[in-house]
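What follows is each chain in one-letter form.
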Amino acid sequence: MNQEEKIEILLSSIQASIVIPDGQEQAIRTALVDGLLKLAQLDAGLKKAVSPYRYYPVELLREGYAVWNCGGFCPDKNKGSALMAAGYDGSLLKVVRTNKEKNGKHVLCLVYQGCFLAEAKSYRDGSVFVDLYQIVGFSSKAGGTFEAKCKCLYNSGPKFVTTKMANEWVQRLSGLIESVSYMSLKEDNVSTEYRW
């Protein structure tokens, strides 16, 4: 069913319930179009937010695949972001390279299938939104680049937590979640701080 058919059904339901004054039908039709557009945008945003898979760029080294722990708070934009990886058991990963970017790349870690990636978005008011993913595979892209296919297992914000993991796993990965949150709020991340 297309949007025009939906609008016609809604409009006929309104007309069956109330008498629409002359000249108001077009205003109601416009409001219905606007409402359906907003619903479609919200639905698209929700699907993206809870999408089961996300793809992150990785580097292929002699030792294996690697991802950069990176991020920080940007005062000019009043928001921050961070990405951090941990092993299957929540432990720190082997570091193969370091970089001293203020709010950019910090530590390049080897990752493997089963590792976790945590991504945080933060705002000036201190609110932080965290998504936790588990790497389920790797693939190559055109141009010789590589990516990790990751399954979403956890989302949190100031007033919500959504998880597909048992509480013991959330506890095991709490250090990763806290660290990525902290990094996204910190304005100078030259020295990467791991809080677990």
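Here goes a summary of the coordinates provided.

The rules behind each value
Residues numbered from 1 in each chain as written. Predicted model: local features only at pLDDT ≥ 70, side-chain atom pairs only at ≥ 80, totals over all residues. Heavy atoms only, no water. Helix = DSSP H or I, 4+ residues; strand = E, 2+ residues; numbered from the N terminus. Expected span 1.5 Å × (residues − 1). Polar contact = N/O pair within 3.5 Å; in protein donor to acceptor, adjacent residues only side chain to side chain. Buried < 20%, exposed > 50% of the residue type's maximum accessible area, 1.4 Å probe, protein only. Pairing = 2+ DSSP bridges. Patch = residues over 30% accessible without salt bridge, like charges linked within 9 Å, V, L, I, M, F, W, Y side chains within 5 Å. Areas by Shrake-Rupley, 256 points an atom, 1.4 Å probe, with all protein chains shown as cover. Salt bridge = Lys/Arg side-chain N within 4 Å of Asp/Glu carboxyl O. 1 Å grid on protein atoms, 1.4 Å probe; cavity = no way out; pocket = protein on both sides within 12 Å on 5 of 7 lines; lining within 4 Å. Points joined across faces, edges and corners; volume = space filled by probe spheres on them.

### Quick word on helix 1 (residues 3-17)
For the α-helix, the turn length of 3.6 residues means that residues three or four positions removed from each other point alike.
Right, on to step 1. Spanning 15 residues, helix 1 covers 21 Å between terminal C-alpha atoms, matching the ideal 21 Å at 1.5 Å per step.
Right, on to step 2. Two to three positions downstream of the cap, the backbone nitrogen of Glu 4 sits 3.1 Å from a side-chain oxygen, assigning the N-cap of helix 1 to Asn 2.

### Remarks on the pairing of strand 6 (residues 116-123)
Right, on to step 1. Within strand 6, six of the eight residues are buried, which leaves it mostly tucked inside the rest of the structure.
Right, on to step 2. With eight bridges connecting them, strand 3 (residues 79-86) and strand 6 associate as antiparallel partners. Opposite Ala 85, over in strand 6, you have Leu 117 as the bridge partner.
Right, on to step 3. Pairing between strand 6 and strand 7 (residues 128-141): seven bridges, direction antiparallel. Its bridge partner lying in strand 7, Ala 120 is registered against Val 130.

### A word on a nonpolar patch on the surface
Right, on to step 1. A cluster of nonpolar side chains, namely Tyr 53, Tyr 55 and Val 136, defines an oily patch on the protein surface of about 260 Å² accessible area.
Right, on to step 2. Judged by relative accessible area, Tyr 53 falls into the partly exposed class, the value being 37%.

### With respect to the layout of surface pockets
Right, on to step 1. Looking at the second largest pocket, its volume works out to about 160 Å³.
Right, on to step 2. Around the second largest pocket sit Tyr 56, Pro 57, Val 58, Glu 59, Ala 66, Val 67, Trp 68, Cys 70, Leu 83, Lys 105 and Leu 108, which together line it.
Right, on to step 3. Contributing elements (two or more residues each) for the lining of the second largest pocket: strand 1 (53-61), strand 2 (64-74) and strand 5 (105-111).

### Considerations on the side chain of Glu 147
Right, on to step 1. Among the structural elements, Glu 147 can be located in strand 8 (residues 145-157).
Right, on to step 2. Glu 147 sits in the buried class, given a relative accessible area of 14%.

### Quick word on the environment of Cys 74
Right, on to step 1. Along the chain, the position of Cys 74 falls in strand 2.
Right, on to step 2. Along the sequence, Cys 74 and Phe 116 sit 42 residues apart, while their C-alpha atoms lie 25 Å from each other.

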